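# Reading the structure
One-letter residues, chain by chain:
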Amino acid sequence: FTDEVYQEVVSYQKLLANQFGEIQVACKQDGAKLTFDGQPFIDKCPGSGKRRVAPGKHEVVASKDGFMTKQMPVIVIGGAQQNVEVELVPLDKAAK
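An account of the accompanying structure is given in this report. (Residues numbered from 1 in each chain as written. Predicted model: local features only at pLDDT ≥ 70, side-chain atom pairs only at ≥ 80, totals over all residues. Heavy atoms only, no water.)

## Quick look at the overall build of the chain
Regarding its fold elements, the chain presents two helices and seven strands. The C-alpha atoms of the chain give 18 Å as radius of gyration, which overshoots the globular expectation for 96 residues (12 Å, by more than 25%). Considered along the principal axes of its C-alpha atoms, the chain spans approximately 65 × 20 × 20 Å. Looking at the chain as a whole, 28% of its 96 residues are labelled buried. Long-range pairs, those at least 24 residues apart, make up 50% of the contacts in the chain between residues at least 6 apart in sequence. Taken as a whole, the chain presents about 6,800 Å² of accessible surface, with 52% of it coming from carbon and sulfur. Of note, the chain has its 12 positive side-chain charges centred 8 Å away from the centre of its 12 negative side-chain charges. (Helix = DSSP H or I, 4+ residues; strand = E, 2+ residues; numbered from the N terminus. Rg over C-alpha atoms; globule rule 2.2 N^0.38 Å. Buried < 20%, exposed > 50% of the residue type's maximum accessible area, 1.4 Å probe, protein only. Contact = heavy atoms within 4.5 Å. Areas by Shrake-Rupley, 256 points an atom, 1.4 Å probe, with all protein chains shown as cover. Lys, Arg positive; Asp, Glu negative; His and termini not counted. Charge placed at Lys NZ, Arg CZ, Asp CG, Glu CD.)

As structure tokens, then:
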């Protein structure tokens, strides 16, 4: 590569870096299932997952039998990573 080509590649890389963001989701509760924008994301917790996504509003939903389903809106910014920790509340505790 020539220096000129290398500089052009670096410029494009910087431009593209802000076109996408990342979401990192972690769940420690055994047996919970997570979706991201309506698609399966983590089939069974405990676990974590990372995905590169378009900037903007997204939604993480966590569910497990005997626990309140939790819907979490997430705003992802281009060039940045958004971290989400999921913890569900048991139904018997939520009713109190």
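## Description of the sheet that holds strand β1 (residues 21-27)
Reading across from one edge, β4-β1-β7 is the order of the three strands in this open sheet, with mixed pairing throughout. The sheet is open, and its two edges are formed by β4 (47-53) and β7 (81-86), each paired on a single side. Across the sheet, the mean angle from the axis of one strand to that of its neighbour is 15°, orientation sign disregarded. With six bridges joining them, β1 and β7 adopt parallel strand pairing. The residue of β7 that forms the bridge with V25 is V84. (Pairing = 2+ DSSP bridges. Axes fitted to C-alpha atoms, helices over the stretch in contact; angles between N-to-C directions.)

## So, the pairing of strand β3 (residues 39-42)
Bridging between strand β2 (residues 33-36) and β3 involves three bridges; their strand directions are antiparallel. Residue T35 lies in a different strand from β3, and its bridge partner there is P40. Connecting β2 to the next strand, β3, in antiparallel fashion are two residues, including D37 with a positive phi near 50°.

## Quick notes on the environment of G31
Structurally, the position occupied by G31 is in the loop between β1 and β2. For G31, a relative accessible area of 24% puts it in the partly exposed group. Each C-alpha atom of the pair G31 and C45 lies 5.2 Å from the other, and the pair is 14 residues apart in sequence.

## Observations concerning a nonpolar patch on the surface
Together, F1, V5, Y6 and V9 give the surface a local cluster of nonpolar side chains, amounting to about 480 Å² of exposed area. Inspection of the secondary structure puts V5 in helix α1 (residues 3-17). (Patch = residues over 30% accessible without salt bridge, like charges linked within 9 Å, V, L, I, M, F, W, Y side chains within 5 Å. Salt bridge = Lys/Arg side-chain N within 4 Å of Asp/Glu carboxyl O.)

## A few points about the nonpolar core
Within the largest apolar cluster, 19 residues are counted, with the highest numbers of intra-cluster contacts made by I23, V25, L34, V60, V84 and V86. For this core, the elements supplying multiple residues, two or more each, are β1, β2, β3, β5 (56-63), β6 (70-76) and β7. Once residues within four sequence positions are removed from consideration, V60 is found in contact with I23, V25, L34, T35, F36, K70, Q71, M72 and V74. (Core = buried A, V, L, I, M, F, W, Y, C linked by side-chain atoms within 4.5 Å.)

## Points about the environment of A62
Looking at the element boundaries, A62 is found in strand β5. Placed twelve residues apart in sequence, A62 and V74 show a C-alpha to C-alpha distance of 13 Å.

What is shown is where atoms sit, not what they do.
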